[in-house]
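Fold and contact review
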There are 4 protein chains.
Amino acid sequence: MANLNVLTICGSLRKKSYNAALVRALPELAPANMTFKASPPWETIPFYDADVQEKGFPQQAEDFAAAVRAADGIIVTTPEYNWTIPGGLKNAFDWVSRMKEQPFKGKPVALQSASMGPLGGARMQYHLRMCMTYLGCDIFGLPEVFVMLAQNKFDKDSLKLTDEATRKIVTLQLEGFGKYIERVKA
Amino acid sequence: MANLNVLTICGSLRKKSYNAALVRALPELAPANMTFKASPPWETIPFYDADVQEKGFPQQAEDFAAAVRAADGIIVTTPEYNWTIPGGLKNAFDWVSRMKEQPFKGKPVALQSASMGPLGGARMQYHLRMCMTYLGCDIFGLPEVFVMLAQNKFDKDSLKLTDEATRKIVTLQLEGFGKYIERVKA
Amino acid sequence: MANLNVLTICGSLRKKSYNAALVRALPELAPANMTFKASPPWETIPFYDADVQEKGFPQQAEDFAAAVRAADGIIVTTPEYNWTIPGGLKNAFDWVSRMKEQPFKGKPVALQSASMGPLGGARMQYHLRMCMTYLGCDIFGLPEVFVMLAQNKFDKDSLKLTDEATRKIVTLQLEGFGKYIERVKA
Amino acid sequence: MANLNVLTICGSLRKKSYNAALVRALPELAPANMTFKASPPWETIPFYDADVQEKGFPQQAEDFAAAVRAADGIIVTTPEYNWTIPGGLKNAFDWVSRMKEQPFKGKPVALQSASMGPLGGARMQYHLRMCMTYLGCDIFGLPEVFVMLAQNKFDKDSLKLTDEATRKIVTLQLEGFGKYIERVKA
């Protein structure tokens, strides 16, 4: 079984982010043939401006795009801000979407979100599904991963993912995503 | 009839933006008692980071919030990027949503979008409606303003809004929005 | 304080429906000046067909519309089916939306949903918000009522709403909705 | 190249429906290896009721499900009612979603809509994408087919699809959908 090289993109910048902690939990929950690499930072990319684009894409946007292109699949793990996608994360997508060799085109994608509220970022995930459909991704369906009430699911000090039900659903998603990547690859 | 002080927030940075051109057309299409003021820039606000927030809100986010607080109503005029809200604009909302005296709470809002495609930014508007519902806004309903095929609706050189049908629907929206502000104000 | 006559519309037909049970709990949780009346049945309205409409609206659709017109406000309490609005309930809206004196126009609306899953019908509510925005309703914002894991929130035999946290959030929503009706009425 | 047996599901009942006319145009625009069959009627299925389901699925719902199971791919062509999915069509999905051998699971799906308005049913398509993601479908991405201002795109008498730009985009969608079916099939 071929190795699957998965790029993780995290939508939160804060150090104690539950979403970042969820990304760190992925390797131990993944199938044996799935490996993970973190995306280059998106927070150093300037705000999208078509006038700037005319002079050339920022190097940081090119780096982000190159990492997407090199991956067999993508996992986006991100908080929900104000019922939709965090602006900073979205800005990276806005840049790379304008590139001639658009990096997300044809990439299998799975989504995850963690929040301290009862819905776990669900509203945001449907907006992100729309966005990434336009980008030409093949988007994995079920099971979905919503880590609601995240403050109860991670160890307070180490931020290790300790909740068994969450560990199980993430494991199931990663198994399914691995098979999905194999199935839909062109 | 009281003057209605409306803040305009534009989601595009490029100089020849059709959305910026639409904002410039508003005064001549508005009811006599409606005046407009452009929001402070959002492109100088850093990306949202809860760790930065703990040390204090950026002054540019405070300026943006103050302008929202001072308005009787808000009009957001923005392109759609990748079927949803531009990341840069959203980042401003992400910051001010964390403020104790959250500026959008209770504000009447109307939405507009222009694009060169056939849908005129419609997909984005429903995401923005969700976002601004969470922010506690009263969101104006119909008529909606979608300036599709914008390249045919504005003068190529002056970017003046020349399309009569578009001028009419914007006029109707502004009239309706004026009455809506009067009706829903607490 | 004027009495507020609220019409309840329930999206489920089964006798032991948690959504129907939630509707039955409303009177004891509502402000003193709010009274409730159940909508006429929607399950006796035929499927929408424009050719049938040309010959005249079904009497059951007219009855449903008349009940909406007579209300000061509407509460829709409904399950989510397949991540969106139940077809049967939607069919009633499809009929009355074609009437010349469209009954939902200008009506204040609040939404509720119960489900046995972890999201409590949330995905559906955002679709219903869109639908009812088009119908010209003024839609109440926060707090939202999602009764997730409903099997744990109602008494197994009597189906009485026993969960204290749910009773509290419903009480807050009804209080807020009462004030909203007063505020936005034309 | 294997024959692809595509089931068409039309969301409108009226005889002069533009959506039904669009379905009739598919064979002449499709790749040589794609054949079409219309779904059994959904308008004879009763409204979904879990109490009825306990006694057994209606035969008409079983017939609808069997047709879905037999197809290599599905095309749903439907109007938008009140910014979302027609209730009658949705009711058929609500029934079959409860079946043990859920018929839509793993089926490739493409969406189309026609309307007399400027957006061509776009708002509805994103709700239908969500619904069919839950049903376990693989949903075709781009190009999307929105037949806006449908009254100008079909011959007034014969209802033949005459608009060249629309014929071209439908042709492109069907070509892409054919390749998509081949690619994603398990």
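What you see is a predicted model, and the numbers here were worked out from it, not measured in a lab.

Moving on, we come to the overall build of chain A. Scanning chain A from terminus to terminus reveals six helices and six strands. Beginning at the N terminus, the succession of helices and strands in chain A can be written as β-α-β-α-α-β-α-β-α-β-β-α. A compact globule built from 186 residues would reach a C-alpha radius of gyration of about 16 Å, and chain A, at 16 Å, matches this within 12%. Here chain A, with 186 residues, has 61% of them falling under the buried criterion. Partitioning the contacts of chain A with sequence separation of at least 6, the portion at a separation of at least 24 is 81%.

Before going further, it helps to examine the interface of chain A and chain B. Across the boundary between the two partners, chain A contributes 32 residues, which contact 32 residues of chain B. When the buried area of chain A at its contact with chain B is split by residue, Phe47(A), Asn82(A) and Trp83(A) rank highest and sum to 27% of it. For the pair chain A and chain B, the number of links is zero salt bridges. Inspection of the region where chain A meets chain B yields 13 residue pairs in polar contact (both at pLDDT 80 or more). Within the residue set of the side of chain A that touches chain B, elements represented by two or more residues are helix 2 (50-55), helix 4 (87-96) and helix 5 (122-134) of chain A. Broken down by class, the residue content of the side of chain A that touches chain B amounts to 15 nonpolar, eight polar and nine charged.

A few words now on the relation of the copies chain D and chain A. Rotating chain D by 180 degrees and translating it 0.0 Å along the rotation axis places it on chain A, where the RMSD comes to 0.0 Å. Such values leave the two copies arranged in the relation of a two-fold axis. If distances are taken from each C-alpha of chain D to the rotation axis, the shortest is found for Val184(D), at 2.4 Å. A symmetric contact is evident, with 100% of the interface residues of chain D recurring at the interface of chain A.

Let us look at the pairing of strand 4 (residues 108-114) of chain B. Residues and elements named next belong to chain B. The buried fraction of strand 4 amounts to seven of the seven residues, a majority that puts the element mostly inside the structure. The pairing of strand 3 (residues 73-77) with strand 4 spans four bridges and is classified as parallel. The partner of Ile 74 across the bridge, within strand 4, is Val 109. Handedness of the strand 3-helix 4 (residues 87-96)-strand 4 crossover: right-handed. Across two bridges, strand 4 lies against strand 5 (residues 138-139) in parallel orientation. By the bridge assignment for strand 5, Pro 108 is matched with Asp 138. Across three bridges, strand 4 lies against strand 6 (residues 145-147) in parallel orientation. What sits directly across from Gln 112, in strand 6, is Val 145.

Moving on: the environment of Val96(C). Residues and elements named next belong to chain C. Among the structural elements, Val 96 can be located in helix 4 (residues 87-96). The exposure class assigned to Val 96 is buried, which follows from its relative accessible area of 0%. Spatially, the C-alpha atoms of Val 96 and Thr 78 are 18 Å apart, while their sequence positions differ by 18 residues. Setting aside residues no more than four positions away along its own chain, Val 96 makes contact with Ala 61, Phe 64, Ala 65, Gln 102, Pro 103 and Phe 104.

This brings us to the packing of aromatic side chains. All names here are of chain B. This model, assessed by the stated rule, comprises 46 aromatic pairs over all chains. Ring plane angle 70 degrees and centroid distance 5.9 Å describe the contact between Phe 57 and Trp 95, whose orientation is recorded as edge-to-face. Highlighted residues: Phe 57 in the loop between helix 2 (50-55) and helix 3 (59-69) and Trp 95 in helix 4, separated in sequence by 38 residues. Owing to a relative accessible area of 24%, Phe 57 belongs among the partly exposed residues under this scheme.

A separate point is unusual backbone geometry. A negative phi angle is the norm for most residues apart from glycine, just as the trans form is the norm for most peptide bonds. Of the consecutive residues Leu142(A) and Pro143(A), the connecting peptide bond is found in the cis state with omega at 0 degrees. Structurally, the position occupied by Pro143(A) is in the loop between strand 5 (138-139) and strand 6 (145-147). Positioned with a positive phi, Leu159(D) is a non-glycine residue whose angle comes to about 60 degrees. Mapped onto the secondary structure, Leu159(D) falls in the loop between strand 6 (145-147) and helix 6 (164-184).

A separate point is the side chain of Ser97(D). In this structure, Ser97(D) sits in the loop between helix 4 (87-96) and strand 4 (108-114). Of the polar contacts made by the side chain of Ser97(D), one reaches the side chain of Asn82(C); its length is 3.2 Å. Not counting residues up to four positions away in its chain, the partners in contact with Ser97(D) are Asn82(C), Gln102(D) and Leu135(D).

Here we take up the environment of Lys185(C). Residues and elements named next belong to chain C. For Lys 185, the location among the structural elements is in the segment after helix 6 (164-184). As a C-alpha pair, Lys 185 and Asn 33 span 152 residues in sequence and 16 Å in three-dimensional space. A distance of 3.1 Å separates the side chain of Lys 185 from the side chain of Glu 182, its partner in a polar contact.

This part is about the interface of chain D and chain A. Taken together, the contact pairs 13 residues of chain D with 13 residues of chain A. Between chain D and chain A, the buried area comes to about 980 Å², and carbon and sulfur atoms account for 64% of it. Between the two partners, chain D and chain A, sit two salt bridges. Counting across the interface, chain D meets chain A through four residue pairs in polar contact (both at pLDDT 80 or more). Of the residues forming the side of chain D that touches chain A, the biggest block, five residues, is contributed by helix 5 (residues 122-134) of chain D. A class-by-class count of the residues in the side of chain D that touches chain A yields seven nonpolar, two polar and four charged.

Residue and element names in this part refer to chain A. Under the criterion given, the structure shown has 32 salt bridges over all chains. In this structure, Lys 90 engages Asp 94 in a salt bridge whose closest nitrogen and oxygen atoms are separated by 2.6 Å. Within this pair, Lys 90 and its partner Asp 94 are both found in helix 4, separated by four residues, close to a single helical turn. Take Lys 90: its relative accessible area is 2%, and that puts it in the buried class. Of the residues examined, Asp 94 reaches a relative accessible area of 1% and is grouped as buried.

Conventions and cut-offs
- Residues numbered from 1 in each chain as written.
- Chains lettered and ligands numbered in written order.
- Predicted model: local features only at pLDDT ≥ 70, side-chain atom pairs only at ≥ 80, totals over all residues.
- Heavy atoms only, no water.
- Helix = DSSP H or I, 4+ residues; strand = E, 2+ residues; numbered from the N terminus.
- Rg over C-alpha atoms; globule rule 2.2 N^0.38 Å.
- Buried < 20%, exposed > 50% of the residue type's maximum accessible area, 1.4 Å probe, protein only.
- Contact = heavy atoms within 4.5 Å.
- Buried area = accessible area lost by both parts, 1.4 Å probe.
- Salt bridge = Lys/Arg side-chain N within 4 Å of Asp/Glu carboxyl O.
- Polar contact = N/O pair within 3.5 Å; in protein donor to acceptor, adjacent residues only side chain to side chain.
- Nonpolar A, V, L, I, M, F, W, Y, C, P; charged D, E, K, R; others polar.
- Least-squares fit on C-alpha atoms with pLDDT ≥ 70 in both.
- Pairing = 2+ DSSP bridges.
- Right-handed = clockwise from strand over helix to strand, strands pointing away.
- Phe/Tyr/Trp six-rings, centres within 6.5 Å; stacked < 30°, edge-to-face > 60°.

So yeah, pure geometry; function would need other evidence.
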